[in-house]
Structure formats: structure tokens, C-alpha cells
Amino acid sequence: MSEQELPAQSGAGVAHTGSLSRRMMLIAAGWIAVLLLGGGILLDRTLANLVTRNFDNQLGYMLTAMVGSAEISSDGEVYFNRPLGDQRFLEPNSGLYYQISGAGHDDYPSRSLWDRTLSVSNDHFDAQPHTYNAEPLKGEPLRIIERSVILPGSETRWTFVVAESRQELDDQIRRTRSILVWSFVVLGLGLMLMAALQTWYGLGPLRRVRLAIQRMRTTGENRVTEPLPLEVAPLVDELNGLLAHSVRQAEEARTHAGNLAHALKTPLTVVMNAATAKAPDLSDTVIREAAVMRRQVDHHLARARAVGRRAVGQARANVGESVEAVLRAVTVLYDQTRFDLDGDRETAVAIERQDLDEILGNLIENAAKYGGGSVFVTIDPGKELQFCEIWVEDDGKGIPEEERTRIFDRGARLDTGKPGTGLGLAIVRDVAEIYGGSVTLDESEDLGGLLVKLRLPRVRA
């Protein structure tokens, strides 16, 4: 399965970066080609040198036999005291030749040279055998080994030469090279086939993930449960987390819609009944029930905004900056109230800044409204690793312990003498829980009033 195939099945217009299979095969093909080419060249040179060295060794044996058999006759000329073993020296134009040359003396050639002569320079002395390529005989490339020797009973510097046609050497190198090339071609094709099988097998888990997702669309499942390799497991975990998040959001949307419909049903029924009965207090009823509906709509809109912003990505907000901004705004409304701020102002929490401002605004405004003139805000007093706590304390009457659960209900108000909708703490609780936090109520030990403990998850490093 390739990356190009996935967009075609998941929808048109989805961007992609090419095929994983093609990318892996190109990398494998590149490395195979480089390694085989480099190894082939190195092995070719090694084998060619080995064949050439073996060829030269054979020439060296013949040269040694010549030197060992050479003697000086009574007339000062060189001759062999025993015949050389290779019969090709006796066959004309056989491709194997020898020649002994000395200054002031006639050349002593092999019968295989017939009427030809090997051009030998006597202006230097080769104490050790010297091998080279030359073409002293027209149309016949030769491999030549020569050595300079001064024989006993003679002061002449004799040059011993053995030459053999390069055709046999070149044929051996050509055969070796042909075998090497075909072997590397077969090896390369085998390696490419293995790379293709490895790519197909290695990408198998991705195909299984695709089929599992396809089954989820057709069967209604909401998780990938098929066992997969360790390398793919984190991807599947994230996918399952995303699916669970989507299911949770859909369930929350259904719950919100149901709650809103239920909350609006009663006020609408009251208004409808009053209008049908043509009640004399119809206008007051409409105003009262409209206010109720507005509170419910505001509450659910706040939750919907928080859920929508949470789904965007990793949220981040600085607690100190948010608290200071809220305090500046609330101080204008409650200029007779004393506000104090303490704690780590650099703490960051995983929540959108707008939602954090709304939560803190509700808590601090409630503390100023129902307190006795003092509000104390503490950031991160407990220094927990996973969560940041924000304490909001006031010096008011507080809330009885038996009422602390009910106060979070929508529209619940203990002091009806002051303006408000009764949705502040409910919104705080709902928005905090959307981000994985919580809100609890307690009694302030320092001020004697209400202590609100807001816990929000820290930003992951």
C-alpha cells in the first residue's frame, strides 16, 4: 500500500508527499547499486590482478629455467645445456617466445620466433625480473618478462626475455569479468526482489490499519483492536484517542442539545399557556421566561465555545497574566474591595486564555460581590506536578457545607438580593471539566469566607 493510494480512498484533494513504497524501494535500489558497483569494480580489479600475477608467475618460472640452463660456449656465445620443457618454444608463431641478447653477440632466439626478433634494449641492467606489456611483434600484443644476467665465464651483460601472447591472459580476464558481471546482475535482482518483499511485508501493518478504519466506517466500531507491531502501536493509540475524542464530542453535543431543549421547553410552555389563556400578566411572564431562556442559552454557548476551542489543538495560557487582567477589570466595578495576588505568576495551564479569563472572572467577581471587602487570589500553592491550583478566597459569609454541591446547579443562588443569573459557578465547573480540571468549595482559614479551589492541567513540557 502506498501513500498515493490512501488519498484516493479517503477523499479527493488530500495532500500527500508521495509513496512510502516507492521511497523505500528507491533508497534500497540506490544503496544496492552503489554497493554492487563499488564492490564489482574492486572485485574486478582484484581478480584481474590475480589472473595477471598468476600469468606472470608462469613466465617467471620459464625465465628462471632459462637462466638455470644457460651456459657460455668456447666461442663466447650463450647456449642451453638442456632443452626447455615447454614445446611451444619449438612451434613457429606459437605465441610463446624467448630470446637472449648480449652486446656484441648474436641474439639467441627460440624457434617459435622463426624469422622475427624481439626488440630488447641493453642500455640498463635489471637485477630482478621486470614484467611489462609491449607489441614488438606487429599485430601480436605480448606480456614480456626480462632480466639482466652476467653468466659465469663471460663479462657480457646478457638480457633474458620470455614473451607470451596476451590473448590467453585477456581471455581469462574477459571470462572472469563476464562471470562477475552476470553474478552481480543476478545478485542485484535478488536483492531488489528481497527489498520489494521487505517493503511489502514491512508496510503490511499500515494496510491493516487502513482496513480497520474502513471496517469502522461500515460496522460502526469506534476503536482499532487488531494486534499490531510495536512501531505502529503508538499511531493506533493516537488514532483510538482521536476516535474516542470525536465520540466524546459527539456525545457532548447531543447532551448539550438535549439539555438546551429540555431547559427551553418549560419556559416556552409557560409562555404558550399564558398567551393561549390571554393572561393579563402576559408581558411580565414573557419577560421573566425570556430571561430564563437567555441564561440557559448563555450557559450552553459558553460550554460549546470551550469544547470547540479545546478541539483546535494544544491550548496554553499564562495564569499570572490572566489573573492580573481580570483583577484590573473587576477593580473598576468593585473599587472598595481590596484584592491581593500571590504565588507563581509564570505558571502555564492547558486551557485557552479566553476560557481561563471567563472562569477567573466569574470566581473573582463572585468573591468581590458576596465577600466583605477582601479577596485573596493564590496561584499554585500546592506545587502539584500534573495540575495547577488557583485559590480564590473572600471574607464573606461563605457557603454552608450542605449547600456546596447544590450551588453548582444551573440557576442556583443562595443570595437572591444581589443581581445575577445563578450560572457563574455552573459555567466555571463545566468549562473546567471540559479541559480536564475541577472546582471544589471549602472554607477559607485566613479570611473566614468561601475558598474556591480551581484545578487545571499544566502544559506538558
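Structural data are supplied above this passage.
Residues numbered from 1 in each chain as written. Predicted model: local features only at pLDDT ≥ 70, side-chain atom pairs only at ≥ 80, totals over all residues. Heavy atoms only, no water.

Further remarks concern the overall build of the protein chain. In terms of regular secondary structure, the protein chain is built from nine helices and 14 strands. Summarising the internal contacts of the protein chain: among those between residues at least 6 apart in sequence, 59% fall at separations of at least 24. A total of about 26800 Å² of accessible surface is found on the protein chain, and carbon and sulfur atoms cover 56% of it. (Helix = DSSP H or I, 4+ residues; strand = E, 2+ residues; numbered from the N terminus. Contact = heavy atoms within 4.5 Å. Areas by Shrake-Rupley, 256 points an atom, 1.4 Å probe, with all protein chains shown as cover.)

Turning to the nonpolar core, a few remarks are in order. Counting residues in hydrophobic clusters, the biggest one holds 40 residues, and the most contacted among them are Ile364 and Leu454. Sorting the residues of this core by element identifies helix H7 (319-333), strand E9 (338-343), helix H8 (353-370), strand E11 (374-379), strand E12 (387-394), helix H9 (424-434), strand E13 (438-443) and strand E14 (450-457) as the ones contributing at least two each. Residue contributions to this core peak at seven residues, all from H8. Beyond its immediate chain neighbours, meaning those up to four positions away, Leu454 contacts Ile359, Leu360, Leu363, Cys388, Glu389, Ile390, Ala432, Ser438 and Val439. Core analysis: the next-biggest nonpolar cluster, separate from the first, contains 25 residues, Leu63, Tyr98, Val149 and Ile173 among them. (Core = buried A, V, L, I, M, F, W, Y, C linked by side-chain atoms within 4.5 Å. Buried < 20%, exposed > 50% of the residue type's maximum accessible area, 1.4 Å probe, protein only.)

In this section: empty space enclosed by the protein. If you roll a probe as big as a water molecule over the atoms, it shows you where there is empty space left. On inspection of all chains with the given rule, the structure shows one cavity of 30 Å³ or more. Roughly 40 Å³ of internal volume is contained in the largest cavity. Looking at the largest cavity, the residues that line it are Asp44, Leu47, Ala48, Ile173, Thr176, Arg177 and Leu180. Counting only elements with at least two residues in the lining of the largest cavity, the list comes to helix H2 (20-69) and helix H3 (166-202). Examining the composition of the lining of the largest cavity, we find that four residues originate from one element, H3, more than from any other. Its residues placed into classes, the lining of the largest cavity shows four nonpolar, one polar and two charged. (1 Å grid on protein atoms, 1.4 Å probe; cavity = no way out; pocket = protein on both sides within 12 Å on 5 of 7 lines; lining within 4 Å. Points joined across faces, edges and corners; volume = space filled by probe spheres on them. Nonpolar A, V, L, I, M, F, W, Y, C, P; charged D, E, K, R; others polar.)

Moving on, we come to the environment of Leu151. On the secondary structure map, Leu151 appears in the loop between strand E6 (140-149) and strand E7 (158-165). The exposure class assigned to Leu151 is buried, which follows from its relative accessible area of 5%. Spatially, the C-alpha atoms of Leu151 and Glu71 are 6.9 Å apart, while their sequence positions differ by 80 residues. Once you skip the residues sitting within four places of it in the chain, Leu151 turns out to touch Ala70, Ile72, Val78, Trp158 and Phe160.

On the basis of which strands lie adjacent, the open sheet formed by five strands has the order E9-E11-E12-E14-E13 and mixed pairing. The open sheet terminates on both sides in strands that have one partner only, identified here as E9 and E13. Each adjacent strand pair in this sheet contributes to an overall mean axis angle of 15°, direction not counted. Sheet analysis places E11 next to E12, joined by five bridges and oriented antiparallel. Looking at the pairing, Phe376 lines up with Glu393 of E12. (Pairing = 2+ DSSP bridges. Axes fitted to C-alpha atoms, helices over the stretch in contact; angles between N-to-C directions.)

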